[in-house]
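Descriptive analysis of the structure
Spelled out from the first residue to the last, the chains are:
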Amino acid sequence: MLLGIESTAHTFGVGIVHRGKVLANEKSSYTTQEGGIIPWDAAQHHVDNCAEVAAAALAKAKVNPKELTGIAFSQGPGIGHSLRIGALAARCLARTLGIPLVGVNHCIAHLEIGKQLTGMADPVLLYVSGGNTQVIACDAGKYRIFGETLDIGIGNLLDAYARHLGLGFPGGPKIAALAASGKKFVALPYVVKGMDLSFGGLLTHMKRISGGEHAREDLCYSLQETVFAMCCEVSERAMAHAQKGELVLGGGVGCNTRLQEMCRVMCEDRGARAAWPANEFLVDNGAMIALLGEKMLAAGLSTPLEKSVILPYQRTDEVEVTW
Ligand code: AMP
Ligand code: MG
């Protein structure tokens, strides 16, 4: 019976799993009207809400803390201020209950839960979240990054542009709503460099042309079409190169139905399968941390207290996949 804590950025999440089954997945997320994440405020949000979220998860799963056999937590990558609160809560619980602690990589947790909930064997993950944009697949004992953003994450682009439009945070769903009534496609910079992507210049361009001749609906529509096409292109190339027949989505931007549709069409055209878990498991969540923690503990991996320091810059391919 594993309890997992997610706190890499805006979300403090607690999940409880038992033998690969999710019993609870509770969360509280930091939001703002103005847009953006202020790290110190996000951390304070986690301090204020951690006990309540953990209690809600235990109640939902109908589990007594004494029944827990391990505590998993997001060790990295992420915002240091936020990560520290989850790590502290995890250490306290593990020590108080006298059970093992296991630090997990947040990006790999997205991949593992996607794999598990869609029944895929060996997919390419298109991981599209606020801070991360990566195309990941397993190769020779590690999850390798085949392509990634060279600057900001795709969600960060959407959030920053939404902030520019005064739409609040998180901005992805607000841009999606405006895009739904966009009609005219406005050509925008399309920045794919080999297997990598870049969104920083595109954000500057969007800010420059906003308020001009184009309707904001058309701009949001064109922005989505452009950045999702970029993501599909690098995902398809990774699938071809790594010879994988499955594509799974992870990260909050994976909730976008237009991105889902584009991935589905791309995969159908090449005789591959595209799938994604329900939205609550696409956004940052505690269940994915608990699921990966359970796999790692079963494989004999745990994290001693002195090695439980947060790893804000941990890379996906630094982790040996031995589970
Ligand atoms: P995560 O960091 O994985 O929790 O994902 C958060 C990011 O997902 C934020 O940048 C949101 O703006 C974005 N997001 C959430 N829902 C949607 C959506 N429907 N379309 C596009 N982006 C979204
Ligand atoms: Mg994430």
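We now turn to the structure provided with this report. (Residues numbered from 1 in each chain as written. Chains lettered and ligands numbered in written order. Predicted model: local features only at pLDDT ≥ 70, side-chain atom pairs only at ≥ 80, totals over all residues. Heavy atoms only, no water.)

1. Focus: the sheet that holds strand 6 (residues 124-128)
Across the sheet, five strands lie side by side as 8-7-6-11-12; this open sheet has mixed pairing. The open sheet terminates on both sides in strands that have one partner only, identified here as strand 8 (142-148) and strand 12 (273-275). Sheet twist, expressed as the average angle between the axes of neighbouring strands with direction ignored, equals 25°. Bridging between strand 7 (residues 133-139) and strand 8 involves six bridges; their strand directions are antiparallel. Looking at the pairing, Ala137 lines up with Arg144 of strand 8. Packed on one face of the sheet, helix 8 (residues 257-269) meets strand 6, strand 11 (246-250) and strand 12 and runs near 170° to strand 11. (Pairing = 2+ DSSP bridges. Helix = DSSP H or I, 4+ residues; strand = E, 2+ residues; numbered from the N terminus. Axes fitted to C-alpha atoms, helices over the stretch in contact; angles between N-to-C directions. Contact = heavy atoms within 4.5 Å.)

2. Overview of the environment of Ile16
Considering the arrangement of structural elements, one finds Ile16 in strand 2 (residues 11-18). Remark: the alpha-carbon pair of Ile16 and Glu26, spanning 10 residues in sequence, is separated by 9.0 Å. Setting aside residues no more than four positions away along its own chain, Ile16 makes contact with Met1, Leu2, Leu3, Lys21, Val22, Leu23, Ala24, Ala57, Leu58, Ala61 and Val63.

3. Digging into the sheet that holds strand 3 (residues 21-29)
A sheet is described by the order of its strands in space; here five strands give the open sequence 3-2-1-4-5, paired in mixed fashion. Every other strand in the sheet has two partners, leaving strand 3 and strand 5 (101-105) as the edge strands with one partner each. With strand direction ignored, the average angle separating the axes of adjacent strands in the sheet is 20°. Relative to strand 3, strand 2 runs antiparallel, the two sharing eight bridges. Each bridged residue has a counterpart across the sheet, and for Gly15 the counterpart in strand 3 is Asn25. Contacting strand 1 (2-6), strand 2, strand 4 (70-76) and strand 5, helix 2 (residues 80-97) runs over the sheet at an angle of about 160° to strand 4. Here helix 3 (residues 106-118) sits on the sheet and contacts strand 1, strand 4 and strand 5; the angle it forms with strand 5, its principal contact strand, is near 85°.

4. Here's the deal with the packing of aromatic side chains
Using the criterion set out here, one finds one aromatic pair in the structure. Measuring from centroid to centroid gives 6.5 Å for Phe185 and Tyr221, while their planes differ by 90°, and the two rings are edge-to-face. Of this pair, Phe185 sits in the loop between helix 5 (172-179) and strand 9 (192-193) while Tyr221 is found in helix 7 (residues 216-242), placing the two residues 36 residues apart along the sequence. Phe185 gets classed as partly exposed once you look at its relative accessible area, which sits at 45%. (Phe/Tyr/Trp six-rings, centres within 6.5 Å; stacked < 30°, edge-to-face > 60°. Buried < 20%, exposed > 50% of the residue type's maximum accessible area, 1.4 Å probe, protein only.)

5. Concerning the site of ligand 1
Neighbouring residues of ligand 1: 17 residues in total, closest Ser129, Asp159, Gly172, Gly252 and Asn256. Measuring from an oxygen atom of ligand 1, one finds a backbone N or O atom of Gly130 at 3.2 Å. At 2.8 Å, a backbone N or O of Gly252 approaches an oxygen atom of ligand 1. When the free accessible area of ligand 1 is taken as 500 Å², the share hidden by the protein chains comes to 91%. When contributions to the shell around ligand 1 are tallied by element, the ones reaching two or more residues are helix 4 (154-164) and helix 5. (Near = heavy atom within 4 Å. Polar contact = N/O pair within 3.5 Å; in protein donor to acceptor, adjacent residues only side chain to side chain. Areas by Shrake-Rupley, 256 points an atom, 1.4 Å probe, with all protein chains shown as cover.)

6. Observations concerning the nonpolar core
Within the largest apolar cluster, 48 residues are counted, with the highest numbers of intra-cluster contacts made by Leu126, Ile154, Tyr161, Leu223, Val227 and Leu247. If you list the elements that add at least two residues to this core, you get strand 6, strand 7, helix 4, helix 5, helix 6 (200-209), helix 7, strand 11 and helix 8. For this core, the element with the most residues is helix 7, which contributes 11 residues. If sequence neighbours within four positions are ignored, Leu126 has contacts with Gln134, Val135, Cys231, Ser235, Leu247, Val248, Leu249, Gly250, Leu259 and Cys263. (Core = buried A, V, L, I, M, F, W, Y, C linked by side-chain atoms within 4.5 Å.)

7. Some points on the coordination of the magnesium ion (ligand 2)
For the magnesium ion (ligand 2), the full set of protein donor atoms is His106 (NE2), His110 (NE2), Tyr127 (OH) and Asp284 (OD), and the range of their distances to it is 2.1 to 2.5 Å. Coordination of the magnesium ion (ligand 2) draws on donor residues from a single chain, spaced H-x3-H-x16-Y-x156-D in sequence. Here His110, found in helix 3, pairs with Tyr127, found in strand 6; they are 17 residues apart in sequence, far enough to count as distant. Of the two residues examined, His110 and Tyr127, each falls in the buried class. (Donors = N, O, S within 2.8 Å, 3.2 Å for Na, K, Ca; no water.)

8. Side note on the pattern of salt bridges
Taken as a whole and assessed by the stated rule, the structure comprises nine salt bridges. Between Lys295 and Glu112 there is a salt bridge; the shortest N-O distance is 3.0 Å. Remark: Glu112 occurs in helix 3 and Lys295 occurs in helix 10 (residues 286-298); sequence separation between them is 183 residues. Classification of Lys295 by relative accessible area gives partly exposed; the value is 29%. Between Glu261 and Arg258 there is a salt bridge, with the nearest N and O atoms lying 2.8 Å from each other. Separated by three residues within a single helix, Glu261 and Arg258 lie in helix 8, roughly one turn from each other. Classification of Glu261 as partly exposed rests on a relative accessible area of 35%. Taking the relative accessible area as the measure of exposure, Arg258 reaches 27% and is therefore partly exposed. Salt bridges here are not isolated pairs; linked through shared partners, they connect Glu225, Arg258 and Glu261. (Salt bridge = Lys/Arg side-chain N within 4 Å of Asp/Glu carboxyl O.)

Scope: geometric values only; no functional claims are made or implied.
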